[in-house]
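Architecture and fold: a report
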Amino acid sequence: AAARAGGGAGDVHVYRTAFRPMRHTLTGRPEKTMMKLVVDGRTDRVLGVHMVGADAPEIIQLAAVCLKAGATKAHFDATIGLHPTAAEEFVTMRPRLPDPAPAQR
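Let us look at the structure shown here. Note that this is a predicted model, so its numbers are computed, not measured.

Conventions we followed
Residues numbered from 1 in each chain as written. Predicted model: local features only at pLDDT ≥ 70, side-chain atom pairs only at ≥ 80, totals over all residues. Heavy atoms only, no water. Helix = DSSP H or I, 4+ residues; strand = E, 2+ residues; numbered from the N terminus. Buried < 20%, exposed > 50% of the residue type's maximum accessible area, 1.4 Å probe, protein only. Contact = heavy atoms within 4.5 Å. Areas by Shrake-Rupley, 256 points an atom, 1.4 Å probe, with all protein chains shown as cover. Salt bridge = Lys/Arg side-chain N within 4 Å of Asp/Glu carboxyl O. 1 Å grid on protein atoms, 1.4 Å probe; cavity = no way out; pocket = protein on both sides within 12 Å on 5 of 7 lines; lining within 4 Å. Points joined across faces, edges and corners; volume = space filled by probe spheres on them. Nonpolar A, V, L, I, M, F, W, Y, C, P; charged D, E, K, R; others polar. Pairing = 2+ DSSP bridges. Axes fitted to C-alpha atoms, helices over the stretch in contact; angles between N-to-C directions. Core = buried A, V, L, I, M, F, W, Y, C linked by side-chain atoms within 4.5 Å.

**Description of the overall build of the protein chain**
Along its length, the protein chain carries four helices and three strands. Sequence-ordered secondary structure for the protein chain, helices as α and strands as β, is α-β-α-β-β-α-α. Out of the 105 residues belonging to the protein chain, those deemed buried represent 30%. Residue pairs at least 24 apart in sequence account for 48% of intrachain contacts in the protein chain once pairs closer than 6 positions are excluded. Summing over all exposed atoms, the protein chain offers an accessible surface of approximately 6,700 Å²; the carbon and sulfur share of this is 58%.

**Looking at the pattern of salt bridges**
Enumeration over the complete set of coordinates arrives at six salt bridges. Across the pair Arg42 and Asp40 runs a salt bridge, and its minimum N-O distance is 3.9 Å. With relative accessibility at 60%, the residue Arg42 sits in the exposed group. The buried category is assigned to Asp40, whose relative accessible area is 14%. Connected through salt bridges with shared partners, the residues Asp11, Asp40 and Arg42 form a single ionic network.

**Overview of the layout of surface pockets**
Approximately 360 Å³ is the volume found for the largest pocket. Lining the largest pocket are 17 residues, with Leu62, Thr79, Ala87, Phe90 and Val91 sitting closest to its centre. If you add up the space inside the second largest pocket, you get close to 250 Å³. Around the second largest pocket, the lining comprises 15 residues; the ones closest to its centre are Pro21, Met22, Pro84, Thr85 and Ala86. Each residue belonging to the lining of the second largest pocket can be placed in one class, and the counts come to seven nonpolar, three polar and five charged.

**With respect to the sheet that holds strand S3 (residues 46-52)**
Pairing in this open sheet of three strands is antiparallel, and the strands run S1-S2-S3 from one edge to the other. Across the chains shown, the open sheet's two edge strands, defined by having one partner strand only, are strand S1 (12-19) and S3. Taking the axes of each pair of neighbouring strands and ignoring which way they run, one obtains an average angle of 10° across the sheet. Inspection of the sheet shows S1 paired to strand S2 (residues 33-40) by eight bridges, in the antiparallel sense. Each bridged residue has a counterpart across the sheet, and for Thr17 the counterpart in S2 is Met35.

**Re the nonpolar core**
With 16 residues, the main nonpolar core has Leu37, Val49, Phe76 and Phe90 as its most contacted residues. The contact partners of Phe76, leaving out residues within four places of it in the chain, are Leu37, Val46, Val49, Cys66, Ala71, Phe90 and Val91.

**Side note on the side chain of His13**
Within the element layout of this structure, His13 appears in strand S1. Dropping the residues within four chain positions of it, His13 is found in contact with Leu37, Val38, Val39, Gly41 and Arg96.

What follows is the structure, encoded as structure tokens:
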């Protein structure tokens, strides 16, 4: 919401995924993980990285370095994910969420 307020809804692209981590397919636990990238649609610069789930602090700490260094969505897309890890989801997000309807802005 803050990114949209700063640059207008059409200028912000959001990529999101939610999944059950592979380790929990074996344990049977119903835990899920959610990850989101917020990207400036004009410059492709990543404005925010969000994660809820196991190992979030470890993964987000490194994502913070990427943001400080000015990483773009293209940088994330060009990175090979390490499999099987939750972190690989950040570099495999391709379809973006649709822009909100005008009434939601």
